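Spelled out from the first residue to the last, the chains are:
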Amino acid sequence: MARAVKVLTTLRNHWKKTTFGVCLLSWGGHWLYGKHCRKNKPNVQNDEEEIAQWHSYEGLADEAEQPVTFPGYLMSTLFSILPNSDDLLRRAACQEAQAFGDELIPSSMPLKKATVFLNPAACKGKARNLFEKNAAPILHLSGLDVTIVKTDYEGQAKKLLEMMENTDLIIIAGGDGTVQEVITGLLRRADEAAFSKIPIGFIPLGKTCTLSHTLYPESTNQVQHITNATLAILKGETVPLDVLQIKGEKEQPVFAVTGLRWGSYRDAGVKVSKYWYLGPLKTKAAHFFSTLKEWPQKRQAALMYLGPTERPPEEPEEKPSRPPFYKRLCRRLWLYFSPPPKEIPQEVTPEDWEELELSTIELSITTRNRQLDLTRTEDFMDICIEANTVSKGQFVNRGSQKMRDPHTCPEGSQCIQASRCILQLPEGTEGSFGIDNEEHEAMPVEVKLLPRKLRFFCDPRVKEQVLPAVVQ
């Protein structure tokens, strides 16, 4: 008893160290729990088959046979009292996916093939773990024939897409860079007209996932965001998205679903990570130090562009059935005896290009994917030319806003709607473009809008917001 009193007295006299030690042990226990994926045990009322399935699925069957130490018993008791909300989200998503896997299909119908392009290096190397814990179980339980392709280096996805065989679904697991590589490799194929009709799913695992704001509702919980995105693929709702074709003078075209940035805000934003030691001030510091190197920061270029184009009617997803033989025979006989009149060739009107000399602090060319409107009658991309008359203080404050929303167009900027444009840069221009948040060498380019080129899976709630109920 005297020893226990002595220990308690020591802890009280050193209450600061005691508090720090308790906090450290609590954090360490939580980290170990998340690291080794200890899951909540099923209810006692469940039958033995469900319990065995749950343990085997989560990788706990082997662990249950190991001898239990006192610290392990203490940890399991603690987390059984305080259930992990992420585990509950994963379990609910797996149960919902199991319903898709239990659906009966005809014996003559093959399983749908899904090809997943996973970038393990995304999210600072955490993407593989995030995918295996939150997305892979849902895909396997859904009854899909899943093939996972892991990329080892930058640009590998483009090469793999050139050799990819037929598949029913393409799933991109990564960030903006992975999306750009996959769609670029897809649209560079010789048979891209057929492959571009394959629906694409996006599982946001990267540090920047701009496309997820378009396809899925906002969520502050990363596990919930990933599971919702994976379930959206199983639900089958899709939306058409525009694509930008960006072609230089010599290189093959690059394709983007978000846009292109060129200017001072982008260059300063790339250097934010170098000032990590300044904590929340690193963004403002990066923009402030960039003003000390060069001011005013201007970009000189010449821009030629064409205006918006009229949107053609959308092609039906299902092809009409072939008419009977006698109808086709009657139609051919009718055309033989009464051929249609020859069409008079119409004069091709020259394209009405507009030219503009610009001096800007930043130029951005973006799609309208973030403001989806499936009922609009024109197709165009947005060109934002920001004024170069900002002060240093405005530059620093606006740079912080650009980090949250890179493609925002501030007041005082010149906004142009175009379907095609040519950007001419002066000789010796240095710097880089940001194409879907990936760095590319700055050069003269032609940017062409490919309206509604690809179909992406989306959350049904998002589609209800952009498509009127009448169309549904």
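Okay, so let's go over this structure. (Residues numbered from 1 in each chain as written. Predicted model: local features only at pLDDT ≥ 70, side-chain atom pairs only at ≥ 80, totals over all residues. Heavy atoms only, no water.)

1. So, the pattern of salt bridges
Under the defined criterion, the tally for this structure stands at 17 salt bridges. The partner of Arg 370 in a salt bridge is Asp 405, with the nearest N and O atoms 2.8 Å apart. Of the two residues, Arg 370 is situated in the loop between strand E11 (362–366) and strand E12 (378–379) and Asp 405 in the loop between helix H18 (392–404) and strand E14 (414–418); the sequence distance between them amounts to 35 residues. Overall, the relative accessible area of 41% leaves Arg 370 in the partly exposed class. On the accessibility criterion, Asp 405 (28% relative accessible area) is partly exposed. A salt bridge links Glu 386 to Lys 402, with the shortest nitrogen-to-oxygen separation between them at 2.4 Å. In this pair, Glu 386 is assigned in the loop between strand E13 (381–385) and H18 and Lys 402 in helix H18, connecting sequence segments 16 residues apart. Note on accessibility: Glu 386 and Lys 402 belong to one class, buried. Each member of the salt-bridge network shares a partner with another, and the members are Arg 261, Glu 362, Glu 386 and Lys 402. (Salt bridge = Lys/Arg side-chain N within 4 Å of Asp/Glu carboxyl O. Helix = DSSP H or I, 4+ residues; strand = E, 2+ residues; numbered from the N terminus. Buried < 20%, exposed > 50% of the residue type's maximum accessible area, 1.4 Å probe, protein only.)

2. With respect to the side chain of Ser 432
Along the chain, Ser 432 turns up in strand E16 (residues 432–435). Among the polar contacts made by the side chain of Ser 432, one reaches the side chain of Glu 439 at a distance of 3.2 Å. With near-sequence residues (within four places) excluded, Ser 432 lies in contact with Arg 261, Trp 262, Arg 266, Asp 267, Glu 439, His 440 and Ala 442. (Polar contact = N/O pair within 3.5 Å; in protein donor to acceptor, adjacent residues only side chain to side chain. Contact = heavy atoms within 4.5 Å.)

3. Describing a nonpolar patch on the surface
Nonpolar side chains collect at one region of the surface, where Trp 276, Tyr 277, Leu 278, Leu 281, Phe 288, Phe 289 and Leu 292 lie side by side and expose about 780 Å² of accessible area between them. As for its position among the elements, Tyr 277 is in the loop between helix H15 (264–270) and helix H16 (282–293). (Patch = residues over 30% accessible without salt bridge, like charges linked within 9 Å, V, L, I, M, F, W, Y side chains within 5 Å. Areas by Shrake-Rupley, 256 points an atom, 1.4 Å probe, with all protein chains shown as cover.)

4. So, empty space enclosed by the protein
Gaps left between atoms show up when a probe the size of a water molecule is rolled over them. Counted under the stated rule, the structure contains two cavities of 30 Å³ or more. Of the voids in this model, the largest cavity is the one considered here, and its volume is about 60 Å³. Lining the largest cavity are Pro 240, Leu 241, Asp 242, Arg 311, Asn 369, Leu 372, Asp 373, Leu 374, Arg 376 and Arg 452. Ranked by residues supplied to the lining of the largest cavity, first place goes to strand E5 (residues 238–247) with three residues. Classifying every residue of the lining of the largest cavity gives four nonpolar, one polar and five charged. In this structure, the second largest cavity occupies an estimated 30 Å³ of space. Considered class by class, the residues forming the lining of the second largest cavity number three nonpolar, one polar and two charged. (1 Å grid on protein atoms, 1.4 Å probe; cavity = no way out; pocket = protein on both sides within 12 Å on 5 of 7 lines; lining within 4 Å. Points joined across faces, edges and corners; volume = space filled by probe spheres on them. Nonpolar A, V, L, I, M, F, W, Y, C, P; charged D, E, K, R; others polar.)

5. Focus: the layout of surface pockets
Of the pockets and cavities examined, the largest pocket occupies roughly 1,700 Å³. Looking at the largest pocket, it is lined by 50 residues, and the ones nearest its centre are Asp 176, Lys 207, Thr 208, Cys 209 and Asn 437. Listing elements by their share of the lining of the largest pocket, those giving two or more residues are helix H7 (122–125), helix H11 (176–187), helix H13 (212–215), helix H14 (222–235), H15, H18 and strand E17 (438–441). Here the lining of the largest pocket is composed, by residue class, of 15 nonpolar, 19 polar and 16 charged.

6. A word on the state of the cysteines
Using the criterion set out here, one finds one disulfide in the structure. There is a disulfide in this structure between Cys 384 and Cys 409, and the S-S distance comes to 2.1 Å. Between Cys 384 and Cys 409 the disulfide shows an S-S torsion of about 90°. By sign, it is right-handed. Here Cys 409 lies in the loop between H18 and E14 and Cys 384 lies in strand E13, a separation of 25 residues in the sequence. (Disulfide = S-S within 2.5 Å.)

7. Concerning unusual backbone geometry
Its identity as a non-glycine residue notwithstanding, Cys 123 has a phi of 55°, on the positive side. The residue Asp 436 is not glycine, and still its phi comes out positive at about 50°.

8. Looking at the nonpolar core
The biggest cluster of nonpolar side chains holds 32 residues, and the ones touching the most others in it are Ile 170, Phe 202, Leu 211, Leu 215, Leu 454 and Phe 456. The set of elements that each furnish at least two residues to this core consists of helix H10 (156–163), strand E3 (169–174), H11, strand E4 (200–204), H14, E5 and strand E18 (445–457). Of all the elements, H11 adds the most residues to this core, at five residues. Apart from the residues lying within four places of it in its own chain, the contact partners of Ile 170 are Thr 115, Phe 117, Met 164, Val 182, Leu 186, Ile 198, Pro 199, Ile 200 and Gly 201. Formed by 28 residues, the second largest nonpolar core is a distinct cluster that contains Ala 97, Leu 130, Ile 138 and Ile 171. (Core = buried A, V, L, I, M, F, W, Y, C linked by side-chain atoms within 4.5 Å.)

9. Structural notes on the pairing of E11
Within E11, five of the five residues are buried, which leaves it mostly tucked inside the rest of the structure. By the alternation rule, side chains of E11 split into Glu 362, Ser 364 and Thr 366 and Leu 363 and Ile 365, which are all buried. Looking at chain direction, strand E7 (residues 259–263) and E11 are connected through five bridges and run antiparallel. Looking at the pairing, Gly 259 lines up with Thr 366 of E11. As defined by bridge partners, E11 adjoins E13 across four bridges and the pair is classed as antiparallel. Within E13, the position partnered with Thr 366 by the bridge is Asp 382. (Pairing = 2+ DSSP bridges.)

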